[in-house]
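Analysis of the macromolecular model
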Amino acid sequence: MSIPECQKLLPAAKPGGEPLPEGLLWLLLTGKVPTKEQVNALSKELRDRASVPDYVFKAIDALPITAHPMTQFATGVMALQVQSEFQKAYEKGIHKSKYWEPTYEDSLSLIARVPIVASYIYRRIYKDGKVIPMNDSLDYGANFSHMLGFDSPEMQELMRLYVTIHSDHEGGNVSAHTGHLVASALSDPYLSFAAALNGLAGPLHGLANQEVLLWIKSVVKECGENITTEQLKDYVWKTLNSGKVVPGFGHGVLRKTDPRYTCQREFALKHLPDDPLFQLVSKLYEVVPPVLTQLGKVKNPWPNVDAHSGVLLNYYGLTEARYYTVLFGVSRSIGICSQLIWDRALGLPLERPKSVTMEWLENHCKKASEN
């Protein structure tokens, strides 16, 4: 199913609203579009599982408040691992045909708990440690927004969309692949997801959404909000000529505009069409692809998911770009954990890439160039 199809078919919190992330979780686990009643039941189950022991918060508090939010997040997830059902079942000698069952339990509990851990980190770093408890009447995305400190209906809608579109991606990206790789050693979902988060924290992967907003703000700082298309073009060339990339453009697999970018753009056109930073993002959509095409080295000059998310979050008051990758991480728990349940249900083996020598590589490249 495409993203527009998911937006149309998955249950929403309100008529014509954004899809509920719980609906996507159901779809990824069953292959079926759930009813609103099924989504509500899953929402309740996730709320029932969302209890985080005190030692998790103490583990995070042991870190300096200046530690990167992703470092604090990975630490919190590792502390949650103490309660792993898979590890306990494995130590008791569970049959491999049943591996998926404790994996399922761990996965749903992990998905339920990460918004609490993530929001605790946000409030710890940026809001003097004033923590906001979960609201038992809210769905997954709205509750996450609420615990962060944002209660406007539009921000809750944005968070539902954000979590849904960032949850899963083809399996070759760093975080999804890392989760799959580590879990193939029968590491439990907590260990596997923590490893995935450390991949997500890299500048070439999830950290890119932080870099995009910082770059856009540097454009405004140097050129002002009313920048012309020509000025923007010059600034893009200046960035490229200094040996840097324009963050938010290009993709390892996609060869067209990222559909996750498109649905965020549609959200912005609906809710914040006059926002100066959104208008700047729209100008970048016109300016950057032709410049990158002219450069000649880029296979995909089009914007990706990271090109837009920061501007939307910034508009609704979540301005701390350094924290953005944690939001990505919370979302990615849904996709990674769904894949892990299926990995164990299908009995997939330990992943072990072949090792080759430098000589083999050189010969391989030589043959390829001759062809």
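Residues numbered from 1 in each chain as written. Predicted model: local features only at pLDDT ≥ 70, side-chain atom pairs only at ≥ 80, totals over all residues. Heavy atoms only, no water.

1. With respect to the UniProt feature "active site" (unreviewed entry) in the protein chain
Going by this rule: UniProt positions are given in the numbering used here, feature names are shortened, and annotations may be inferred rather than shown by experiment. Under the DSSP-based scheme used, a helix requires at least four consecutive residues in state H or I and a strand at least two consecutive residues in state E, with every element numbered from the N terminus. Two residues qualify as a contact provided that any one of their heavy atoms is within 4.5 Å of a heavy atom in the partner residue. To sort residues, take the accessible area from a 1.4 Å probe on protein chains only and compare it with the maximum for the residue type: under 20% means buried, over 50% means exposed, and anything in between is partly exposed.
Feature annotation in UniProt places "active site" (unreviewed entry) on His 205, His 251 and Asp 306, given in this structure's numbering. Annotated residues spanning 102 residues; largest pairwise C-alpha distance 10.4 Å, indicating a single compact cluster. Mapped onto the elements of the fold, His 205 is located in the loop between helix H11 (189–200) and helix H12 (208–223). Leave out the neighbours within four places in its chain, and His 205 touches Asn 173, Val 174, Ser 175, Gly 199, Leu 200, Asp 306 and Arg 332. Looking at the secondary structure, you find Asp 306 in helix H16 (residues 306–315). Asp 306 sits in the buried class, given a relative accessible area of 7%. Each residue touching Asp 306, except ones within four places of it in the same chain, is listed here: His 205, Ala 208, Asn 209, Val 212 and Phe 328.

2. Observations regarding the packing of aromatic side chains
The cut-off we apply is this: Aromatic rings from Phe, Tyr and Trp, taking only the six-membered ring of Trp, are treated as a pair when their centres fall within 6.5 Å; an angle between ring planes under 30 degrees marks them as stacked, one over 60 as edge-to-face, and anything in between as tilted.
Taken as a whole, this structure holds 13 aromatic pairs when the rule is applied. Where Tyr 122 meets Phe 150, the ring centres are 6.2 Å apart and the plane angle is 50°; that geometry is what we call tilted. With Tyr 122 in helix H7 (residues 100–126) and Phe 150 in the loop between helix H8 (140–148) and helix H9 (153–166), this residue pair connects regions lying 28 residues apart in the sequence. Note on Tyr 122: relative accessible area 0%, which makes it buried. Chaining the aromatic ring pairs together yields one cluster made of Tyr 122, Tyr 126, Phe 150 and Tyr 323.

3. Structural notes on unusual backbone geometry
Unlike most non-glycine residues, Asp 128 shows phi in positive territory, near 55°. We classify Asp 128 as exposed; its relative accessible area is 68%. Notably, Leu 186 is not glycine yet its phi reads approximately 65°, a positive angle. Accessibility expressed as a relative area gives 26% for Leu 186, which makes it partly exposed.

4. Describing the pattern of salt bridges
Definition in use: Salt bridges are defined as contacts in which a side-chain nitrogen from Lys or Arg sits within 4 Å of a carboxyl oxygen from Asp or Glu.
According to the stated counting rule, one finds nine salt bridges in the structure shown. Across the salt bridge formed by Asp 139 and Arg 160, the nearest N and O atoms sit 2.8 Å from each other. Within this pair, whereas Asp 139 is found in the loop between H7 and H8, its partner Arg 160 is found in helix H9, the two being separated by 21 residues in sequence. In terms of burial, Asp 139 and Arg 160 fall into one category: buried. In this structure, Glu 222 and Lys 238 form a salt bridge, with 2.5 Å as the shortest nitrogen-oxygen distance. Remark: Lys 238 occurs in helix H13 (residues 229–241) and Glu 222 occurs in helix H12; sequence separation between them is 16 residues. You can call Glu 222 partly exposed: its relative accessible area is 48%.

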